[in-house]
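Structure assessment
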Amino acid sequence: MRKLALAAVAAALPAFGDAAVAQTLNVAVGAPVTSLDPHYHALSPNYAAAEHIFDSLTAFDANARVVARLAESWRPVEESVWEFRLRPNVRFHNGNAFTAEDVAFTIARVPTVPNSPSSYGIYTRAIQRVEVVDPLTVRFHTNGPYPLLPVDLAQVEMLDSEHHANATTEEFNSTRLAMGTGPFRILSHRNGERIEYARNDAYFGDRPHWARVNYRMITNDAARTAALLSGDVDFIDQVPTSDIAKLRADGRVALSEIDGLRLIYLALDHSRDGATPFALGEDGRPLPRNPLRDVRVRRALSMAIDRQAITDRVMEGASTPSMQLLPPTGFGAIPGLVAGRPDPDGARRLLTEAGYPNGFRLTLHGPNDRYMNDARIIQAVGQMWTRIGVRTQVEGQPWAAFVARAGRQELSAFLVGWGTSSGEASNPLRSLLATANPGRGFGGSNRGRYSNPEMDARMEEALRTLDDGRREALLREATQIAMDDVGIIPIHTQKNIWGMRRGLVHDARADELTRAQDVRPAAR
């Protein structure tokens, strides 16, 4: 039925017309934006939306390399002091000049945003003090050497110290305070549905082609593809894997793709020694002890997963099986650590050694509208676990409800993803695997509450090491410890694929952000 529906839409597809003439870009994204407050929820869809309105001191290019944005240059002037020179003549949308005072204000605000489900504080915790040298010079004093400050600050959007004084997340979401120095101004926002932008003609950087942007959230895969084929939208992200071949063969549609940095993985409950809510015995009652605290059980669950089968049959080739945090080219990736064949017999032996010769019951949770084929992935994993005796029930639900439960540590095993925008292993190590410590900005997205002091020590030493070679070796050691301990269970890294009407070109990004400023008419 799906194929027939798409065929009918394609048959009715109008001529796309001259994209160069159009001044409005209609975009459909597959994941909802949960907040316009750029410091509230560290989530890729939120960061993509914020990139239209705000700017950071540094930024990532399409290949996740750090480049200049609001800062023209930066350098360490002492072992624990970084100096940033700001770009002159930059103004906020309200006309206020951007200065070092705004930088100091922003850094102070980031860790104070209340009720943040995934805080941006991880990117500012290394800063002990901000020194305003002059209106265009700022110095960051850190607790010892900190080589990642230019990387971290690429993820902190700058605010106006006057306009945003005492700003609340609700005021950003209402659009009253959704104002920055970015390439677009916001016109309207309907939560979970649509954001409308207008070009900022006074922008200091490259002027976007589009005078207006309609940024719609269409989380249903079939509906998003149909909107592109019908001409209702010009550009979509998260092209459904089942539609890739069809769209690739359609001369009126173009695809843009790149190997991505998003890891899809399974998190497990490490927080409870006693019963965990969704690991049950034969009587349907919670087991008296949490089986997921036993590394043999965690290894068995990982060994049972046929990652290549998920890539081939579920993802239809739009992913790469993984056993670690980064693709092989990432800074800190472990050479030669690749996904092997599943070993269900070995998994059953480990379960027996752990005291579960007959297995147990487990519920695997996950979103059904956030990542490519997320609901299908948890179904596949559930079947693989059931084959080794861990009889698995699968429960998918909308992202907003799911992530709230995961953040409250209500689940036992669940699927989630992480986009490593910096391309360096320190990013997922700090966020996903470091012992949760809000005061230090560690473990902000460690929803399973994994903790390993040995891994923490290697990671923290890496964060103090300015020498790149030594830092990479430490990051590999930290990653190996966490992977041997099965702190999380990696499944694959996604490929990022966008679809657009013919006549447009797109600068594909490894960090998967969908931004209107990266789309333009093809040169004639």
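In what follows, the structure referred to is the one given above.
Quick look at the structure, then. Everything quoted here is computed from the prediction, not taken from an experiment.

**Digging into the overall build of the chain**
Broken down by element type, the chain carries 15 helices and 20 strands. With the C-alpha coordinates aligned to their principal axes, the bounding extent of the chain is approximately 70 × 65 × 40 Å. A total of 524 residues make up the chain; the buried ones form 58% of that total. Across the chain, contacts joining residues at least 24 apart in sequence account for 69% of those joining residues at least 6 apart. Within the structure as shown, the chain displays about 20400 Å² of accessible surface, and the carbon and sulfur contribution to it stands at 48%. Side chains of the chain carry 60 positive and 61 negative charges; the gap between the two charge centres is 4 Å.

**What about unusual backbone geometry?**
Of note, Arg-449 is a non-glycine position whose phi angle comes to about 60°, a positive value. Positive phi is not limited to glycine here, since Glu-512 has a value of about 65°. Tracing the backbone through its elements, the reader meets Glu-512 in the loop between β19 (504-506) and β20 (519-521).

**A short note on the sheet that holds strand β7 (residues 137-142)**
Strand order in the open sheet made by the four strands is β4-β5-β7-β6, with antiparallel pairing throughout. Edge positions in the sheet fall to β4 (71-78) and β6 (127-134), since each has one partner strand and no second. Strand after strand, the sheet turns through a mean of 20° between neighbouring axes, direction not considered. When strand β5 (residues 81-86) meets β7, the two strands line up antiparallel, connected through five bridges. Residue pairing for β7: Arg-85 is matched across the bridge by Thr-137.

**What about the nonpolar core?**
Membership of the largest hydrophobic core comes to 152 residues, with the highest contact counts inside it found for Leu-57, Phe-140, Ile-310, Trp-385 and Leu-433. Counting residues per element, this core draws most heavily on strand β12 (residues 253-268), which supplies ten residues. Ignoring sequence-local partners within four residues, the contact set of Phe-140 consists of Leu-57, Ser-80, Val-81, Trp-82, Phe-84, Val-103, Ile-107, Ile-127, Arg-129, Val-130, Leu-149 and Leu-153.

**Examining empty space enclosed by the protein**
Under the criterion given, the structure shown has four cavities of 30 Å³ or more. Estimates place the volume of the largest cavity at around 290 Å³. Around the largest cavity, the lining is made up of 23 residues, and of these Ala-42, Leu-43, Ser-44, Trp-418 and Gly-419 lie nearest the centre. Elements represented by at least two residues in the lining of the largest cavity include exactly α2 (44-53), β12 and β17 (413-419). Broken down by element, the residue count for the lining of the largest cavity peaks at four residues, all from β17. Per-class residue counts for the lining of the largest cavity are ten nonpolar, nine polar and four charged. Considered as a void within the structure, the second largest cavity measures approximately 230 Å³ in volume.

**With respect to helix α15 (residues 468-484)**
Here α15 contains 17 residues, and its C-alpha end-to-end distance of 24 Å stays within 8% of the 24 Å for a straight helix at 1.5 Å per residue. Taken together, the buried residues of α15 touch α13 (426-433), α14 (453-463) and β18 (488-501). One or two residues past the end of α15 sits Val-486, with phi positive at roughly 50°.

**Looking at the packing of helix α9 (residues 307-314) against helix α11 (residues 374-387)**
Two elements in contact, α9 and α11, have axes separated by 11 Å at closest approach and are oriented at 140°. In this view, α9 runs oblique relative to α11, as classed from their interaxial angle. By crossing handedness, the relation of α9 to α11 is classed as right-handed. Only Arg-376, Ile-377, Ala-380, Val-381 and Met-384 of α11 make contact with α9, whose side of the interface consists of Ala-309, Ile-310, Arg-313 and Val-314. Taken together, the residues that form the contact of α9 with α11 break down as seven nonpolar, no polar and two charged.

Cut-offs and rules
Residues numbered from 1 in each chain as written. Predicted model: local features only at pLDDT ≥ 70, side-chain atom pairs only at ≥ 80, totals over all residues. Heavy atoms only, no water. Helix = DSSP H or I, 4+ residues; strand = E, 2+ residues; numbered from the N terminus. Buried < 20%, exposed > 50% of the residue type's maximum accessible area, 1.4 Å probe, protein only. Contact = heavy atoms within 4.5 Å. Areas by Shrake-Rupley, 256 points an atom, 1.4 Å probe, with all protein chains shown as cover. Lys, Arg positive; Asp, Glu negative; His and termini not counted. Charge placed at Lys NZ, Arg CZ, Asp CG, Glu CD. Pairing = 2+ DSSP bridges. Axes fitted to C-alpha atoms, helices over the stretch in contact; angles between N-to-C directions. Core = buried A, V, L, I, M, F, W, Y, C linked by side-chain atoms within 4.5 Å. 1 Å grid on protein atoms, 1.4 Å probe; cavity = no way out; pocket = protein on both sides within 12 Å on 5 of 7 lines; lining within 4 Å. Points joined across faces, edges and corners; volume = space filled by probe spheres on them. Nonpolar A, V, L, I, M, F, W, Y, C, P; charged D, E, K, R; others polar. Expected span 1.5 Å × (residues − 1). Parallel < 35°, antiparallel > 145°, perpendicular 65-115°, else oblique. Left-handed = near helix turned anticlockwise from the far one by under 90°.

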